[in-house]
Amino acid sequence: MTTDDIQPTPLVVASNRLPVGLRFTDGVLSLERTAGGLVAAVDGVARGIGCDWVGWPGSPVEPPVQAEVVSALAAQRLHPVFLGAEEEAQYYRRLANETIWPLFHYFADKSSFDEQAWRSYVAINRRFADEILRIAPLDARVWVHDFHLMLVPTMLREARDDLEIGFFLHIPFPASEVYRLLPVREELLRGLLGADLIGFHTIDYARHFLTSCVRVLGLEVEHDSVSFEDRRVEVGVHPIGVDVARFDALLDSSEVAARIDELRSQYGARRIVLGVERLDYTKGVGHKLRAFERMLERREDLRGHVTLLQVIVPSRLDSPDYSGLKRELEEHIGRINGRFGQVGSTPVEYLHRSVDPVSLAALYRFADACLGTPLRDGMNLVAQEYVLCQEPRPTLGDECRGMLVLSEFAGASHVLSRALLVNPWHVESTSTALETALGMPEDERRERTVAMAERVRSLDCTKWASRFLLRQAEANRRNRRRTSLLLRGQEEERVRIAITRASRRFLFLDYDGTLREIAPTPQEARPDPALRELLRALARDERNAVHIVSGRRRLDVDRWLTGLGVHLCAEHGFAWRTPDSPQWHELDGVDLSWLPAVHDILARVCEEGPGTSRERKGSGLAWHYRQSDAEYGPWRARELLSELSASLARLPVEVVHGHRVVEVRAAGVHKGAYVTRVLADRSPSDAVLCIGDDRADRDMFRALPDTAIAVHVGRGDEHAKYRIESPARVRALLARLLGPRSVLERA
Ligand code: GDG
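Residues numbered from 1 in each chain as written. Predicted model: local features only at pLDDT ≥ 70, side-chain atom pairs only at ≥ 80, totals over all residues. Heavy atoms only, no water.

**Some details on the layout of surface pockets**
Here is step 1: Reported here for the second largest pocket is a volume of approximately 1,400 Å³.
Here is step 2: In terms of lining, the second largest pocket is formed by 44 residues, of which the most central are Glu220, Ser227, His659, Arg695 and Arg715.
Here is step 3: If you list the elements that add at least two residues to the lining of the second largest pocket, you get β9 (221-222), β10 (225-228), α18 (461-482), α23 (632-647), β26 (653-658), β29 (709-713) and β30 (722-724).
Here is step 4: Broken down by element, the lining of the second largest pocket gets its largest block of residues, four residues, from β10.
Here is step 5: Residue composition of the lining of the second largest pocket, by class: 12 nonpolar, 11 polar and 21 charged. (1 Å grid on protein atoms, 1.4 Å probe; cavity = no way out; pocket = protein on both sides within 12 Å on 5 of 7 lines; lining within 4 Å. Points joined across faces, edges and corners; volume = space filled by probe spheres on them. Helix = DSSP H or I, 4+ residues; strand = E, 2+ residues; numbered from the N terminus. Nonpolar A, V, L, I, M, F, W, Y, C, P; charged D, E, K, R; others polar.)

Structure (structure tokens):
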């Protein structure tokens, strides 16, 4: 796949920070483009098609100069979202950095929440969404990044259905048990679910997200998607990579070669362990220091021969947490150096600043080991960069000096499995792994490094962006195909006229979830007087043949719907009766010999699963899990489906997975068979309306003639031209069929 595979649909990227910094020198504005994986990734795919980028310029801009900044940025297709000082404090520092960041990295005790900060987060997300909406042309693709902007996808979706929307989370998504501590847990999930595709670095993060959708919002999920309102939101695993071309160019440069020579003469034969981290409690630098210290305690022979070179890039120093962390680390480093330092050799060399790209590449190439011990990290690009720079290269020699020691709590451990993976909480084993890395035979180092470098090349950030955007486009196309036309306004009026003009009308109506809202238990879903009156009124008009086509037992259907003048069909088409006779008819020649075996299976499943129940229907059996645990039910249903399909493979049965129900029914017995029989004497001028919500109702849709009007209640169905939002809207539609002067309609 290449970037050429991406169709030239306009692209709008949104991230908290724009990929530039603003600098005012003597009042003159200049822009400095920042380097980084995301910028390189987007630049790569945007080559040729171009891209607009919405974000915060990163520093306060006074209102009088905002217009100048806007026009300078516009020249690079960058669109600033300005933040006032207080907004920056609330939205960015408080909510993003002190609520979401710690919780998503499993530091629940560091995560605090306040309402004012939340309101600011909502307002700033809205400001981002408004700016995107302003610049995004029709049918544009929008790619939103990271935890600062989690509400933007739904804000966009609500405003514009034409947009293709993707979201990528760069940090971990925590286990649902941790996620649900968040006071705004529903809001953030709903905010994301406006996207067509939501991407994560690892399968674990994706799984945690899906579980949270089940546990927190009670949604139905599959292994790679969430059903939300009328759409299927796809969930993908897309591990980000580094800018391979940039590192290749750096390593080929004479500057890097010269810097490596300098390092060689500075450190001689001393072994170098490299650490590169932003100052943050999630990075586990304290744990790293403990492991390094422990190694020196145990291995007297290494003292004076090995140095930990630790780069800590300053970050968030205005926060007491971070300045406290800095002090703590410095004290710890001082202790280690005091204990093990010798004349001419310092065990830990520490740089509290960022280093230039040339020096960084040289360090990566030169170091004998890279030790990354984050306690949680979305990906950790340093690990990938180190491996890439260790690769044998014609310009720098064939040797493979170094080995990566990496925390298993970094997303990168999923893609760099040939590294020495450690649990940083286990100081002893981390220190032993470092020893192993330093003592690893060259052959083994080379074999591991080459394998990992190949993986890093395949994850290259430009390829990552191409893959993500392709999948986003596919997810969007699938959602568009699925979407039936919403029955509202003029469309609803057209349908009403088409039906009321016909002199004979067939109305096929499912009951649960169509005429009546789904209730916690089947027994509670009895029709209220208004619904009964509506059906009676429809049936009273001789032109209407009203058929209630239900999966329920005939007993329920009889008890609730007799005497209204409607035709009743129960048990998925197995039994039916006309309005004028209490006599039920059954399909002939149906083989039910398999019923006892299925009965036993379902009895066992009910015993195992609290809140689940079994129901006998004329030609089948159903297992309901609506009242069971939100996660257990769907999981057990999947297990049951595979068990049933294996044990019933050769029998004349069908297994159907409905809304929180698994049904086993005799083959050939379905609602479609009933509809076909009823419509046998239809004439072409008759109108046919069919409304249903469940997968079992698809059989009816499929059996309809082309001219019929099929309506799905919910998110739409490929077999139904129309969709309608709810049973309440179905009742309103039916009331309109009674004619404009209907009392019911006015009510
Ligand atoms: C988020 C997630 C996820 C570091 N020090 C210097 C320097 N760096 C560069 C590295 C690397 C990047 O910064 C840091 O990598 P991270 O992986 O920590 O990325 P972040 O953007 O901080 O974090 C993280 C990432 O997003 C991508 O999705 O991996 O888990 O938290 O590229 O090279 N660069 C220079 N001097 C330094 O001193 N020039």
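**Remarks on unusual backbone geometry**
Here is step 1: A positive phi angle, near 60 degrees, is found at Arg77, a position not held by glycine.
Here is step 2: Owing to a relative accessible area of 37%, Arg77 belongs among the partly exposed residues under this scheme.
Here is step 3: The backbone of Asn380 shows a phi angle near 90 degrees, a positive value even though the residue is not glycine.
Here is step 4: Among the structural elements, Asn380 can be located in the loop between β15 (369-372) and α14 (381-390).
Here is step 5: For Asn380, a relative accessible area of 9% corresponds to the buried category. (Buried < 20%, exposed > 50% of the residue type's maximum accessible area, 1.4 Å probe, protein only.)

**A look at the site of the ligand**
Here is step 1: Of all residues adjacent to the ligand, which total 18 residues, the nearest are His170, Val355, Asp377, Leu381 and Glu385.
Here is step 2: Taking Val355, its main chain carries an N or O atom lying 2.6 Å from a nitrogen atom of the ligand.
Here is step 3: Elements supplying a minimum of two residues to the shell around the ligand: α13 (357-366) and α14.
Here is step 4: No other element matches the three residues that α13 contributes to the shell around the ligand. (Near = heavy atom within 4 Å. Polar contact = N/O pair within 3.5 Å; in protein donor to acceptor, adjacent residues only side chain to side chain.)

**Quick notes on the domain arrangement of the chain**
Here is step 1: When its domains are assigned, the chain resolves into domain 1 (11-237), domain 2 (244-459), domain 3 (485-587 + 669-746) and domain 4 (595-666).
Here is step 2: Its C-alpha centre places domain 3 at a distance of 26 Å from the equivalent point of domain 4.
Here is step 3: Contact residues are listed per partner, giving 20 residues for domain 3 and 15 residues for domain 4.
Here is step 4: When domain 3 packs against domain 4, close to 1,400 Å² is buried across both sides, 50% of that on carbon and sulfur atoms.
Here is step 5: It is His572, Val669 and Arg695 that lose the most area in domain 3 upon contact with domain 4, and together they represent 30% of the buried surface on that side.
Here is step 6: Along the contact surface separating domain 3 from domain 4 lie two salt bridges. (Domains from an automatic or database assignment. Contact = heavy atoms within 4.5 Å. Buried area = accessible area lost by both parts, 1.4 Å probe. Salt bridge = Lys/Arg side-chain N within 4 Å of Asp/Glu carboxyl O.)

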